[in-house]
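Next come the chains, spelled out residue by residue.
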Amino acid sequence: MTVEELLRKDAALAMPAPDTKAAMGELSPHIAKAAHQAKLRASRRREAGMAAAACLPALALLAGAASAALLGDWSACLAQLAPLGALAVAALAALPVLEHIRASGKNGRMTT
Amino acid sequence: MLTDEQLAALAAQGNRMALSQLAERYHERLFRFYYKCAGPNMAADMAQAALLRLVERVHRYRAGPQPFSAWLFTLAYRLFIDETRKKRPLPLPYEDIRRIAGGREESAAAVERQEAQRLLRTLKPDLRAMVVLRYYMDQSYEEIATAMGTSAVRVKWRLHDALERMRKEAQA
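The numbers attached to residues start from 1 for each chain and follow its sequence in the written order. Key to labels: chains lettered from A, ligands numbered from 1, both in the order written. Totals for whole chains, interfaces and linings use all residues, but because this is a predicted model, local features are given only for residues with pLDDT of at least 70 and pairs of side-chain atoms are given and counted only at 80 or more. Remark: hydrogens and water are excluded; side-chain values derive from all non-hydrogen atoms of the structure.

(A) Structural view of the overall build of chain A. Numbering goes from the N terminus for both helices and strands, where a helix is a DSSP run of H or I of at least four residues and a strand is a run of E of at least two. Along its length, chain A carries 3 helices and 0 strands. When the elements of chain A are put in sequence order from the N terminus, they spell out α-α-α. Dimensions along the principal axes, computed over C-alpha positions, put chain A at roughly 90 × 45 × 10 Å. Buried, partly exposed and exposed residues are distinguished by accessible area as a fraction of the type maximum, computed with a 1.4 Å probe on protein chains only: under 20%, between the cut-offs, and over 50%, respectively. For chain A, buried positions account for 21% of its 112 residues. Summing over all exposed atoms, chain A offers an accessible surface of approximately 7,500 Å²; the carbon and sulfur share of this is 69%. Charge counting treats Lys and Arg as positive and Asp and Glu as negative, with His and both chain ends excluded. In this description, the location of a charge corresponds to atom NZ of lysine, CZ of arginine, CG of aspartate or CD of glutamate. Each charge class in chain A can be summarised by its mean position, and for the 12 positive and 8 negative side chains these summaries are 11 Å apart. Computed with the Shrake-Rupley method and a 1.4 Å probe, the accessible areas treat only the protein chains shown as cover for residues.

Structure below.
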């Protein structure tokens, strides 16, 4: 008999079964904790995505203003910067609301 | 029934039931892997430690060309290697021979098992794990390569080398 055949034969023989029920019982609190953390991570990822999406129009305006300034077209540059200022004010106003959403998400409840 | 990959994706999003089901599904396979690699004394503890690692790291799992089991056995293999580096490896199982042979140690099955275990024991831990993954866990060369962080060609070559060593040992 070759070594390969010997190993395959041994693999086919019965092995003692583990106590899966006990193992799962021990694992249960860890599973609960990991699931909670995964939910938090997913929520943070969503927030980061939203923040990145919110930044895109501002970046576009900034790029437009910069290119207008390079071309010496100051009126176009100001036209681009004006909505950027409005956006900055809006973002500052929204910050406390976002912070509240984040804090309530961390505590596991959504109050808004 | 959901596949392992679907369960892992759900578990990564924080689905408790999916994570629990995944752990339960793999407990016996992990136990069998460690039973052959590390011996009966360590098998249960190591299988539990591997499940704990699964629970803690499932959010890092990304579905790819390899099945979920390849990803899980990467964790299991690394855990085994870490353990063997930490302490002297315990002897491989011998006490189950009587149970399998029904009390007749002379039976062919018992003798073959004893011989297989003796030969496995002569291999270094990484080679032993490779042989166990291939012959006891029925993993493909590609899956073993993923678990060990190497190429399938190298796995084939090293497995050939391991079998050759065992053959020489058997003849000695």
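Once you've had a look at it, read on.
(B) Fine view of the packing of aromatic side chains. Residue and element names in this part refer to chain B. Here a pair means two rings of Phe, Tyr or Trp (six-membered ring of Trp) with centres within 6.5 Å. Their orientation is stacked below 30 degrees between planes, edge-to-face above 60, and tilted elsewhere. This structure, assessed with the given rule, holds 8 aromatic pairs over all chains. The interplanar angle of 80 degrees and the centroid separation of 5.5 Å between the aromatic rings of Phe 33 and Phe 73 together place this pair among those described as edge-to-face. Residue Phe 33 is located in helix H2 (residues 16-37), and its partner Phe 73 is located in helix H4 (residues 68-86); the two are separated by 40 residues in the primary sequence. The same class applies to Phe 33 as to Phe 73, namely buried. On the numbers, 5.6 Å between centres and 35 degrees between planes, the contact of Phe 68 with Trp 71 is tilted. Of this pair, Phe 68 and Trp 71 both sit in helix H4, 3 residues apart, roughly one helical turn. Exposure class is identical for Phe 68 and Trp 71. Each is buried. Every member of this aromatic cluster is reached through a ring pair, and the members are Tyr 26, Tyr 61, Phe 68 and Trp 71. The criterion is that NZ of a Lys, or CZ of an Arg, lies within 6 Å of the ring centre and within 35 degrees of the ring normal, and then a charge sits over that ring. Of note, Arg 134 hangs over the ring of Tyr 141, and the distance from its end group to the ring centre comes to 4.2 Å.

(C) Representation of helix H7 (residues 125-136) of chain B within the structure. The buried fraction of H7 of chain B amounts to 10 of the 12 residues, a majority that puts the element mostly inside the structure. For H7 of chain B, the set of buried residues is Leu 127, Arg 128, Ala 129, Met 130, Val 131, Val 132, Leu 133, Arg 134, Tyr 135 and Tyr 136 of chain B. Whether two residues are in contact is decided by their heavy atoms: any pair within 4.5 Å suffices. If you follow the buried residues of H7 of chain B, they end up packed against helix H1 (3-12) of chain A together with H2, H4, helix H6 (108-121), helix H8 (141-148) and helix H9 (152-171) of chain B. Just beyond H7 of chain B, the residue with positive phi is Asp 138 of chain B, at close to 55 degrees.

(D) Here's a closer look at the side chain of Arg 128 of chain B. Residue and element names in this part refer to chain B. Among the secondary structure elements, Arg 128 is positioned in helix H7. One buried charged residue, Arg 128, forms no salt bridge at all, with the nearest opposite charge on Asp 126 at 8.4 Å. At a separation of 3.4 Å, a polar atom in the side chain of Arg 128 contacts the main-chain carbonyl oxygen of Leu 120. By salt bridge we mean one thing: a side-chain nitrogen of Lys or Arg within 4 Å of a carboxyl oxygen of Asp or Glu. The definition of a polar contact used here is a pair of N or O atoms within 3.5 Å, where within protein one atom must be able to donate a hydrogen and the other to accept one, and adjacent residues in sequence count solely through side-chain atom pairs.

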